[in-house]
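Descriptive analysis of the structure
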Amino acid sequence: MLQQVELDAIEEVNPQLRSTLIDPIRRAGQLRLLDGDTSLRGGERVVATPGHTPGHQSVLVASGRDRAVVTGDLLVHAIQLLHPEIAYAHEMDPERARESRRQVLLRPSAGTFHLATPHLTEPFITR
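To keep things clear, this report deals only with the structure shown in the data block. Keep in mind that this is a model prediction, so the values were computed, not measured.

Notes on the nonpolar core
Val47, Leu60, Val69, Leu74, Leu75, Val104, Leu105, Phe113 and Leu115 form the largest nonpolar core, which has 9 residues in total. Of all the secondary-structure elements, those providing two or more residues to this core are helix H5 (94-105) and strand S7 (113-116).

Remarks on the side chain of Thr53
Locating Thr53 in the fold gives a position in the loop between strand S4 (45-48) and strand S5 (57-63). Within the structure, Thr53 has its side chain in polar contact with the side chain of Glu6 (distance 2.8 Å). There is a polar contact of 3.3 Å between the side chain of Thr53 and the backbone nitrogen of His56.

A closer look at H5
Here H5 spans 16 Å end to end across 12 residues, near enough to the 16 Å set by a 1.5 Å rise per residue. All of the buried residues in H5 are Ala97, Ser100, Arg101, Val104 and Leu105. Projected down its long axis, H5 shows its buried positions confined to an angular sector of 115 degrees, all on one face. Looking at the packing, one finds that the buried side of H5 touches strand S6 (66-70), helix H4 (79-82) and S7.

Quick look at the pattern of salt bridges
On inspection of all chains with the given rule, the structure shows 6 salt bridges. As a salt-bridge pair, Arg45 and Asp37 come within 3.9 Å of each other at their nearest N and O atoms. The partner of Arg98 in a salt bridge is Glu95, and the shortest N-O contact between them spans 3.3 Å. Residue Arg98 and its partner Glu95 are both found in helix H5; the two are separated by 3 residues, about one turn of the helix. For Glu95, a relative accessible area of 44% gives the class partly exposed. One network of salt bridges, with partners in common, ties together Glu95, Arg98, Glu99 and Arg102.

Topic: the pairing of S5
Bridge count for S4 against S5 is 4 bridges, and the pairing is antiparallel. In the sheet register, Val46 faces S5, and the bridge partner there is Val59. Strand direction decides the pairing type here: S5 and S6, joined by 5 bridges, are antiparallel. For Ser63, the partnering residue across the bridge sits in S6 and is Asp66.

Regarding a nonpolar patch on the surface
Judged by side-chain polarity, Ile79, Leu82 and Ile86 come together as a nonpolar surface patch covering roughly 260 Å² of accessible area. Here Ile79 is to be found in helix H4.

Rules behind the numbers
Residues numbered from 1 in each chain as written. Predicted model: local features only at pLDDT ≥ 70, side-chain atom pairs only at ≥ 80, totals over all residues. Heavy atoms only, no water. Core = buried A, V, L, I, M, F, W, Y, C linked by side-chain atoms within 4.5 Å. Buried < 20%, exposed > 50% of the residue type's maximum accessible area, 1.4 Å probe, protein only. Helix = DSSP H or I, 4+ residues; strand = E, 2+ residues; numbered from the N terminus. Polar contact = N/O pair within 3.5 Å; in protein donor to acceptor, adjacent residues only side chain to side chain. Expected span 1.5 Å × (residues − 1). Arc of directions from axis to C-beta. Contact = heavy atoms within 4.5 Å. Salt bridge = Lys/Arg side-chain N within 4 Å of Asp/Glu carboxyl O. Pairing = 2+ DSSP bridges. Patch = residues over 30% accessible without salt bridge, like charges linked within 9 Å, V, L, I, M, F, W, Y side chains within 5 Å. Areas by Shrake-Rupley, 256 points an atom, 1.4 Å probe, with all protein chains shown as cover.

What is shown is where atoms sit, not what they do.
Laid out in structure tokens, this is it:
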């Protein structure tokens, strides 16, 4: 699953990705292009979180009152948990990245909110 806007910007993001990743997935009939937030079968959602790249996306998983967000490159340093406005050098659009972080981090949650973050010191952080 890939945002259409990400595919449209692939040459700017990383030109090698088209031949090494996108084309083989497309030939196998496994590429699904998305346009923004998208619900999945099990109640999960792909959430558009642009900024790092034009079509960056995260995944929201909910179970009862608990939520988990697989953030990808939405967060790259723990300081962004306290200050989502802080950008980092590899964001293609820092202002959109800031807004994406704010939307994810400040979204109200009635239950426990987990962040699955590949770049922080601990892989799962509970708020």
